[in-house]
Every structure is written in C-alpha cells, then in structure tokens.
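Structural features, examined
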Amino acid sequence: MTDDVERCRAALKRCAPGHSDRSYTLNNLALSLVDRFKQRGVPSDLDECIELHRAALLLRPPGHSDRLHSFNNLANSLLDRFRQRGVPSDLDECIELYRAALLLRPPGNSDRSYSLSSLANSLRHRFMQRSVPSDLDESIELHRAALLLRPPGHSDRSYSLSSLANSLRHRFTQRGVPSDLDEFTQRGVPSDLDECIELHRAALLLRPPGHSDRSYSLNSLAPNLEDRFTQRSVPSDLDECIELHRAALLLRLPGHSDRSYSLSSLASSLRHRFTQRSFPSDLDESIELHLAALLLRRAGHSDRSWSLNNLALSLRHRFTQRGVPSDLDECIELHRAALLLCAPGHSLRSSSLSSLANSFRERFTQQGISSDLDETFSLFSQLPHISHAASRTDLTAAKSWAAAAEETNHDSALLAYQSALKFLDQHVTLFSSSSRHFDAVRIATASLAVDTFSCSVRHGALTTAVELVEQGRAVFWTQLARFRTTLDELSTVRNTGAALAKEFKQLSFRLRNAFDQSTEDQSPQIRQLTIKWDDMVSRIRMLPDFSRFLLPPLFSDLQKAAAEGPVTIVNASQYSCDALIVLSNRDPVHVPIDITQIEVSDLSFEFQSLSKEFGSFDTQHQLISILRKLWHVIVGPVVQALRVSNVHPGSRIWWCPTAEFTLLPLHAAGLYEKKRDSLSHIYISSYTPTLATLVRARQQVSRDASPQHFVAIGQGNPDEGKPLKCVGPELAVVAQSLTPVVSSFTSLEDSDATVEGAFDALNHNQWLHLACHGMPNRQQPFESSFAMRDGPLMVKDIIRSNWQDPQFAFLSACHTTVGDEKSPDESIHLAAAMQFSGFRSVIGSMWSVDDKVAQEVVSAFYGNLVNGSGILDCTRAAMALHKAVKKLRNKIPLEQQIVFIHIGV
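A brief look at the structure comes next.

What counts, and at which threshold
Per chain, residues are indexed from 1 in the order of the written sequence. pLDDT decides what is reported in this predicted model: residues at 70 or higher carry local features, side-chain atom pairs at 80 or more are listed and counted, and totals for whole chains, interfaces and linings draw on all residues regardless. Heavy atoms from the whole structure form the basis of all side-chain values; hydrogens and water molecules are not counted. Basic side-chain nitrogens of Lys or Arg form a salt bridge, by our definition, when they fall within 4 Å of a carboxyl oxygen of Asp or Glu. Remark: exposure states derive from per-residue accessible area (1.4 Å probe, protein chains only) relative to the maximum for the residue type, with buried under 20%, exposed over 50%, and partly exposed in between. Each helix is a run of DSSP H or I of at least 4 residues and each strand a run of E of at least 2, with the numbering of both proceeding from the N terminus. By this rule, a helix spans an expected 1.5 Å times one less than how many residues it contains. The contact criterion used throughout is that any non-hydrogen atoms of two residues lie within 4.5 Å. Note on pairing: two strands pair once DSSP finds at least 2 bridges between them. A 3.5 Å cut-off defines polar contacts: any pair of N or O atoms within that distance qualifies, except that in protein one atom must be a possible hydrogen donor and the other a possible acceptor, and neighbouring residues in sequence count only when both atoms are side-chain atoms. In this scheme, patches are assembled from residues that exceed 30% relative accessible area and form no salt bridge. Like charges are connected within 9 Å, while nonpolar side chains (Val, Leu, Ile, Met, Phe, Trp, Tyr) are connected within 5 Å. For every accessible area listed, the method is Shrake-Rupley and the probe measures 1.4 Å; residues are considered covered only by the protein chains on display. Working convention for charge: Lys and Arg count positive, Asp and Glu count negative, and His plus the chain ends are omitted. Working definition for charges: the position is that of NZ of Lys, CZ of Arg, CG of Asp or CD of Glu. Stacked, tilted and edge-to-face are the three classes applied to pairs of Phe, Tyr and Trp rings, where Trp contributes its six-membered ring and a pair requires centres within 6.5 Å; stacked means planes under 30 degrees apart, edge-to-face means over 60, and tilted covers the rest. When the NZ atom of lysine or the CZ atom of arginine is within 6 Å of a ring's centre and also within 35 degrees of its normal, the charge is said to sit over that ring.

To continue, consider the pattern of salt bridges. Opposite charge on two side chains permits them to pair, given that their charged atoms come into close proximity. Under the counting rule described, the total for this entry stands at 36 salt bridges. In this structure, Asp 90 and Arg 81 form a salt bridge, with 2.8 Å as the shortest nitrogen-oxygen distance. For the pair Asp 90 and Arg 81, a shared accessibility class is recorded, and that class is buried. The partner of Lys 629 in a salt bridge is Glu 606, and the shortest N-O contact between them spans 3.6 Å. One end of the pair, Lys 629, is in helix H30 (residues 620-644); the other, Glu 606, is in helix H29 (residues 597-611), and 23 residues separate them in sequence.

Below you can see the structure in the form of structure tokens.
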C-alpha cells in the first residue's frame with residue numbers, strides 16, 4: 001500500500017501545475033491514501049486525501065467530463081472523516097457535494113440511482129447526528145426513487161431495498177408508536193416497520209446462500225424484527241432476529257471487515273432476550289460477544305463508543321442479577337471511555353453522560369462512596385449544555401437526572417426538571433400537531449409536569465412552579481395553539497406589523513391544513529412550509545415587545561388569568577400533593593394537601609366507578625362520602641386560604657386541576673350537612689385546563705355591539721345510540737328564551753343535524769347549544785364525538801375548525817369533559833376541543849346526563865345569561881349555571897345537580 005502511495009506521489013511530481021493530467025494524478029494519489037487510511041487508520045492520510053480531492057475538483061470546472069467523479073470522491077472522503085471524528089461541517093459539505101453530483105445525473109442518466117442512493121445515505125447519517133426529521137424523510141424519498149430505477153434483476157436492487165428499509169426503520173424508531181401502526185393499517189397504507197421488514201425479506205431472497213452480500217441482508221432484517229417484537233411482544237420475532245444474527249456471523253469469519261457489527265448486533269439481541277426471559281446464558285454470551293466486538297474496534301474506530309457502552313450495559317445487567325462488584329466497576333470504566341469519544345455536539349453525548357451517571361449512582365447506592373454521588377451530578381449537570389437538536393434520548397437523560405436528584409435530595413433537582421421541560425419543548429416541536437402523535441407526546445410528558453411543580457413548591461419557588469407546570473401540561477393543545485395565536489397586538493405595530501400578522505396567519509393555516517391532510521409529517525410541502533413558518537417566527541421575535549412570541553409564558557403573563565378571581569392549581573405528584581392559589585396582585589399562596597398521589601388515584605378510581613352507576617342504583621350515600629373526603633382533605637383547606645386572602649363569599653373562583661385531580665368534582669366538595677359548609681354555598685366555581693387557556697379566553701373580548709348569532713343543534717335520533725325524547729323540547733326552551741334577545745336564532749334538528757350541517761352552522765354563529773349523545777373514547781380520545789344523524793362529529797374534526805369569534809357553547813350531552821385516563825393532563829375531550837376552537841366559555845358534563853334533567857337545567861340557565869342591557873354575556877355563564885342548579889336543588893338528584901361544570905371566562 002505504501003508503494004502505491006509513493007508511486008502516485010512520484011507521478012504527481014511529474015505533472016506540475018498546468019499539466020493536462022494533473023487532476024488525474026491528484027485523484028489517484030488521494031484514492032491510494034484513502035485505501036491506506038482504511039488499512040492503518042492514520043488520520044493524516046485521510047486529511048491529505050481530502051485536500052488532494054479538493055485540488056482535483058478545482059481543476060475540473062463546470063463542463064469538465066470528470067467533475068462528477070470529483071464531487072463523489074471528495075464527498076466519500078468527507079463522509080469517511082465524519083464517521084471517524086463526527087465534525088458536522090464535513091457531513092454538511094458531503095451532502096452538498098452529493099447534491100451537486102445528482103444534478104449532473106438528470107433523469108435518464110444510467111447512473112442516477114447511485115447518486116440518489118449516496119445522497120440518501122448521507123442525509124440519514126445527518127439525521128442520526130442531529131435528529132432533524134426532514135433529513136430522514138428526504139432520505140426515504142431518495143431511496144424510493146433509487147429503487148424505482150433498480151427494477152427486479154438489477155444488480156443493486158437488493159442494496160436499495162436494504163437501504164430504504166433501514167431508513168424506514170430509523171423513522172419508525174424515532175416516531176413509531178402503536179397508534180401510528182394502527183392508523184396506517186386502517187388507512188390501508190403499510191406501516192414503516194412492516195414495510196421495512198417485507199423489503200428486507202425481498203432483499204434476502206435476492207441474496208441466496210452463497211451470495212457475497214447475504215450476510216448484509218441477514219443483519220439488516222434482524223433488527224427490524226427486534227423492533228417489531230418491542231412493539232407487539234411476539235416472541236418468535238425476537239428469536240428469529242437472534243437466529244438471523246447468528247447466521248450472519250457465520251458468514252463473517254475472523255478477518256471480515258464487518259465481523260464486529262455482527263458480534264455487536266447478536267450480543268445486543270441476546271441481552272434484549274435476557275431482559276425478557278432472564279436466561280443467564282443469554283447474558284453471559286452477550287458479554288462475550290460484546291467483548292469480542294470491542295477488541296475489533298480499536299482506538300479510532302467510529303463505532304468504538306457503541307461497543308464500550310453496550311459491553312458496559314450488559315455488565316451492569318449481570319451486576320444487577322448476581323451482585324459481583326467488579327462487574328459494576330468495569331461497567332463504569334467502559335462508560336467513562338465511551339464518553340471521552342462523544343465530544344460536545346455528538347448526538348450520543350447525552351445518553352453516554354446519563355449511562356455513566358446512572359452507573360455511578362448505582363455504585364453509590366451499593367457502597368455509599370460520596371465521591372460517586374458527586375460524580376453522578378457532575379455528569380448530569382453537563383446535560384443543559386448539549387448543542388445538538390434535542391431528542392427523546394436527551395429528554396430521557398434529563399428525567400433520569402431528576403429522578404436521581406429526588407432520590408438523594410440533591411439541590412440540582414429543579415435544574416434537572418427545567419432541562420427536561422426544555423428538551424420536551426424542543427422534542428415535541430419535531431412532531432406534527434396531528435392526533436397521530438398524541439401517544440408520543442403522552443409518553444414524553446408522563447408525570448413530568450406534576451413532579452416539576454412539586455419540586456418547585458418544595459424549593460419555595462412558587463412563581464416558577466406556575467411557569468413550569470404550564471410548560472409541561474396540555475402539550476398537544478400548546479402545539480396547536482402555535483398555529484392559532486391571536487395577532488391583534490402584532491397588527492398594530494407600525495409599518496410591518498399588519499403585513500407580518502396577515503402572512504403569519506395565512507402560513508399557520510396552510511401548515512395546519514397540510515398536517516391534517518398528510519399521512520407523513522415531513523412531506524416536501526410540510527417541510528417547505530415549516531421552514532417558512534420558523535423564519536416568520538424569528539422575524540416577529542425581532543420586533544419590539546415580541547421577543548417572547550410563542551415561547552412559554554412567564555408568571556407575569558400567567559397571573560393575568562386571575563384578573564376576575566383566583567385560580568387554584570391542585571397538583572398530585574409522587575413526591576407531594578399541593579394547591580397553589582394564583583392571585584391577581586400578589587405572589588401565589590401555597591396550601592399543602594395532606595394526601596398522597598396513590599390516595600388521590602384511589603379516590604379518583606372510586607369516584608369513576610361510582611359515576612358509572614348513577615341513575616341505576618341509589619348512590620347518594622357513597623357520593624356524599626366522596627364529596628366529604630374532597631372537602632376535608634383538599635377543598636376545605638383551599639377555601640380557608642381564600643378567606644385569609646380576602647376572597648369574599650359569592651366571588652368567582654377557578655380550579656386548574658392536574659393528574660388524577662382532573663377526574664374529581666372539586667366544585668361539588670362539601671360536608672352536605674345542615675348549616676355546614678359546602679363549596680357551592682361559598683363560591684361560584686369554574687375550571688380551566690391551563691392558565692394560558694384562560695388568559696387567551698379573557699383576551700378575546702366580545703364586541704357587545706356586534707350582532708349575536710345563536711344556533712341550537714339537537715339530535716335525538718342519531719345514527720347510533722338510543723333516541724333522546726327531550727331533545728326537541730329542550731331546543732324549544734332555548735328558542736323561547738333567546739329568540740327575543742339575539743340577532744338571529746337558528747335551530748337544527750334531526751335530519752338537519754348532520755356533521756356537515758353542524759360545521760356549516762358554526763361557521764356563521766358565535767353562540768352554540770348542542771343537545772345530543774356525547775360519546776367519550778378513553779382509549780382513543782381524539783375519536784370522542786357528538787352523535788349526529790349521519791355519524792360522529794369527532795374531536796379530531798372539531799380541532800380543524802377555523803370558526804370566527806366564537807363565544808359560548810352549552811354541551812348538553814354526556815361525558816363531554818372526560819378525556820384520556822392515562823394522560824389526564826393533556827385534557828383531550830369534547831369540551832376542551834370546543835374551548836380550543838375559540839369558545840371563551842363552555843359548559844360540559846363530567847358523566848351521564850339525564851335527558852329530562854338537562855331540559856330543566858337549560859330552562860333555568862338561559863334566563864340568567866342575559867345581562868342588564870338585554871345582551872347575551874358569556875362571562876355570566878358560570879353564575880347562570882350556579883343559579884340554575886340552586887333553583888333545582890330540591891327537584892333533581894345530587895349527581896345531576898353537580899354533573900355540569902363551567903370552563904373558561
């Protein structure tokens with residue numbers, strides 16, 4: 001190899017600058033150096049190779065017959081160097097060179113598929129480094145295009161099948177959740193993972209025993225089966241995966257360039273099976289294989305850090321099983337060596353930091369060495385400074401930090417939670433606002449906000465607690481709100497404000513529609529719109545007073561929610577349960593709650609079970625028992641604090657419950673004894689899912705002078721469900737009460753109350769009364785719906801709406817405030833969908849509503865919604881409901897007195 005390099009050097013000396021063959025000799029020397037680099041791993045050989053390719057490219061200007069080859073050669077070498085050292089600029093330049101090469105191979109060129117494939121692979125590398133979804137999506141599109149140019153029989157078809165499958169696997173790993181698979185299946189479109197497996201099987205058939213590339217197909221099919229096992233838990237998938245890796249390893253004998261990959265892959269799959277079935281032999285073999293792979297990945301190997309980490313993880317599993325201290329000590333040293341190879345900016349740095357930190361924490365737990373604990377938090381404290389785009393891995397690492405800090409009472413806990421929420425915000429923005437990704441949001445946010453709130457309260461940082469719990473709850477609605485931001489203030493900015501506001505509104509509307517209509521999150525259209533949208537946000541933030549445009553609100557902004565009365569956040573965390581009263585003119589007031597999260601969960605379960613029996617059995621005694629518990633433990637102490645804060649009886653108050661508290665009727669708590677307190681005798685209660693939601697509703701000031709158009713929609717004979725006999729009379733009561741008051745009154749009943757009819761009516765009316773069946777779906781909350789004559793009017797349809805200046809909605813239907821039990825903090829239910837669509841004030845129900853009772857409540861309600869000027873006023877809705885229930889208190893059962901709640905202003 002050295003002889004080749006020296007011969008090429010000698011040839012280059014004979015081709016002085018200006019010589020017609022100089023570019024060829026430069027190129028030949030560069031290629032011989034890269035060959036020597038691959039043999040010996042000397043970095044200077046690769047550096048010199050790259051400079052020689054640059055020099056050759058300069059001698060091959062546009063139009064030169066070999067310019068294309070210089071593009072590819074330089075790109076290949078830059079990619080090699082990126083793999084070795086992880087310098088982002090090398091990969092960026094490589095991608096641009098491959099793009100330039102592709103332009104020189106237009107459609108019809110016999111080698112176009114090679115340029116498509118090269119560019120696709122380099123984009124996948126960049127995605128793995130920085131987690132930008134558009135890179136991976138473009139990679140998949142390019143691989144598909146290459147595959148079309150490599151029909152059955154093409155020598156490289158199996159390569160394209162494998163490459164496309166690998167990119168699909170990466171996308172599934174990043175975004176794939178069970179609901180995605182289910183939805184793709186329902187639409188008849190194969191999921192990324194299933195398609196990927198079938199592509200790999202097809203590639204394997206094209207590489208029968210004896211084929212030189214059979215090991216690559218075996219090794220590519222295996223991890224996709226492992227992914228599917230992770231999703232669906234079919235044991236045969238994992239077993240087949242292991243056998244495929246074994247078969248690949250047999251084809252990669254000692255000396256094979258990819259033997260280390262087969263060793264590592266088989267080892268990881270065996271460790272996975274060990275975690276599932278606890279066979280000691282699987283773990284022992286995994287350790288032996290990882291060690292063998294590490295010996296083949298010497299210093300300078302691009303995957304050495306992977307092997308170090310994988311061997312460390314297997315040793316830690318064995319330590320957990322058998323308690324041999326040397327296993328944990330070796331695990332720590334391996335993780336430490338891996339971290340040294342993941343410099344700042346490396347996409348694996350956060351996971352490497354977390355792995356080493358958690359291992360030190362484990363040893364501290366076992367041996368009590370204080371320096372191990374110091375090392376743990378020294379490592380975790382580096383997480384806030386990561387420079388790549390945040391991913392799920394970074395969020396998981398920050399959560400580990402928070403858990404460790406809580407367990408050891410370390411003073412970095414609050415910083416850990418703040419870092420996790422920052423990563424959450426960045427991570428969630430990579431997803432569309434489509435309901436398809438709610439599961440991913442749910443997994444990412446699980447308990448994070450409520451634990452952050454608890455930590456802030458325990459540290460005495462009450463205003464921070466309010467800010468952070470807002471940032472971590474209702475994440476789905478917050479993402480959607482990015483496209484619905486009110487722009488009245490922006491429109492008043494001189495010169496550019498009105499134009500920016502108009503452009504932003506149009507762009508947001510286009511982007512939201514693109515998300516709604518696409519099965520892919522980063523189609524070329526979405527990618528282009530997203531770039532424009534991000535640029536628009538940056539331009540707006542440069543304006544005076546708009547530096548925090550669409551950023552998480554500060555306490556000073558959130559405090560505006562309490563302008564008309566205090567808002568009490570009630571929080572249930574595994575670490576503590578607390579209430580925090582937000583007042584308009586002072587710091588929040590902390591009210592400790594003497595109950596555990598488990599007790600709250602039990603109480604919630606007890607109430608939910610009881611509510612299913614309402615109307616069937618006499619449940620009043622059990623209901624009163626629960627309402628008394630709520631009073632004694634939660635609501636009573638809050639009321640006492642409100643009194644101390646001079647919140648006078650008869651005032652309006654708002655509840656902002658979190659976690660399991662969202663499923664409990666706080667508004668109905670009381671002793672239910674003569675001359676003894678209950679909340680409804682002291683204050684008028686409303687709810688809000690977040691403070692920011694209430695602030696937005698307050699800012700949407702109704703124009704009293706504008707016409708008031710009211711629509712009442714009733715469906716007593718839906719497509720599915722039993723008939724509702726009182727819907728017609730209920731709508732008649734609404735019409736009788738409001739026809740003399742409003743500018744126009746429209747009534748849609750039975751055959752007119754269709755999905756399309758409802759949407760059309762809501763586009764022309766700001767006030768709504770809806771009487772029908774409410775159909776909650778706790779497993780798929782976006783499928784919750786109102787039953788119309790021709791089918792369901794679903795949450796996922798409602799949130800696509802673009803209604804103008806909606807004011808008030810009375811949802812006279814069952815379960816309209818019931819969301820997903822697994823993620824109550826996201827508030828995905830019918831009432832929230834109406835509120836998000838812009839309705840400032842909404843009345844909904846927490847459980848089943850008696851048809852006849854609903855008619856009576858409605859009759860008593862609307863007379864109190866009109867203000868002294870004879871105009872409908874949505875801010876009177878809570879008071880009107882309060883008076884209606886009070887009037888009917890002796891006529892209807894207790895559970896029907898408290899079933900309706902008010903949300904909003």
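Text resumes after the structure shown.
With 19 residues, helix H13 (residues 259-277) should cover 27 Å at 1.5 Å per step; its first-to-last C-alpha distance of 27 Å lies within 8% of that length. Just past H13, the residue Ser 278 takes up positive phi, approximately 60°.

Take the environment of Met 788 next. Looking at where Met 788 falls in the secondary structure, it is placed in strand S10 (residues 785-788). Residues in contact with Met 788, not counting those within four places in the same chain, are Ile 713, Gln 715, Pro 718, Asp 719, Ala 753, Thr 754, Val 755, Ala 758, Leu 770, Cys 772 and Leu 793.

A large share of strand S13 (residues 841-845) lies buried, amounting to 5 of its 5 residues. Residues of S13 alternate between two faces, with Ser 841, Ile 843 and Ser 845 on one and Val 842 and Gly 844 on the opposite face, all of them buried. Here 3 bridges tie strand S12 (residues 808-812) to S13, and the two strands are oriented parallel to one another. Considered in S13, the bridge of Ala 809 is made with Val 842. Taken together, the 5 bridges between S13 and strand S14 (residues 900-904) define a ladder with antiparallel strand orientation. When the sheet's bridge partners are listed, Ile 843 is paired in S14 with His 902.

Note on placement: Gln 896 falls in helix H38 (residues 894-897). A polar side-chain atom of Gln 896 sits 3.1 Å from the main-chain carbonyl oxygen of Ser 848. Excluding residues within four positions of it along the chain, Gln 896 makes contact with Trp 847, Ser 848, Val 849, Asp 850 and Val 853.

What follows concerns a negative patch on the surface. Among the surface-exposed residues, Asp 719, Glu 720, Glu 756, Asp 760 and Asp 790 lie close enough to one another that they form a single negatively charged patch. Of note, Glu 720 is situated in the loop between strand S6 (709-714) and helix H32 (727-738). What makes Glu 720 exposed here is its relative accessible area of 59%.

Let us now look at the packing of aromatic side chains. All told, the structure shown has 13 aromatic pairs when counted by the stated rule. Considering the side-chain rings of Phe 861 and Tyr 862, the 4.9 Å spacing of their centres and the 80° angle between planes classify their relative orientation as edge-to-face. Judged by relative accessible area, which is 0%, Phe 861 ranks as buried. By relative accessible area, which is 1% here, Tyr 862 ends up buried. Of the aromatic side chains, those joined through ring pairs into one cluster are Phe 710, Phe 745, Trp 767, Phe 808, Phe 810, Phe 861, Tyr 862 and Phe 900. The ring of Tyr 114 has Arg 150 sitting right over it, with the charged end atom 4.7 Å from the ring centre. Between the NZ or CZ atom of Arg 252 and the centre of the ring of Tyr 216, over which it lies, the distance is 4.6 Å.

Here we take up the pairing of strand S1 (residues 567-572). The buried count for S1 comes to 6 of 6 residues, which makes it a mostly enclosed element. Judged by which residues are buried, S1 turns out to be covered on both faces: Val 567, Ile 569 and Asn 571 on one side and Thr 568, Val 570 and Ala 572 on the other are all buried. Bridging between S1 and strand S2 (residues 577-582) involves 6 bridges; their strand directions are antiparallel. Opposite Ile 569, over in S2, you have Leu 580 as the bridge partner. Between the end of S1 and the start of S2, which pair antiparallel, lie 4 residues. With 4 bridges joining them, S1 and strand S4 (residues 652-657) adopt parallel strand pairing. Note that in S4 the partner of Thr 568 across the bridge is Trp 655.

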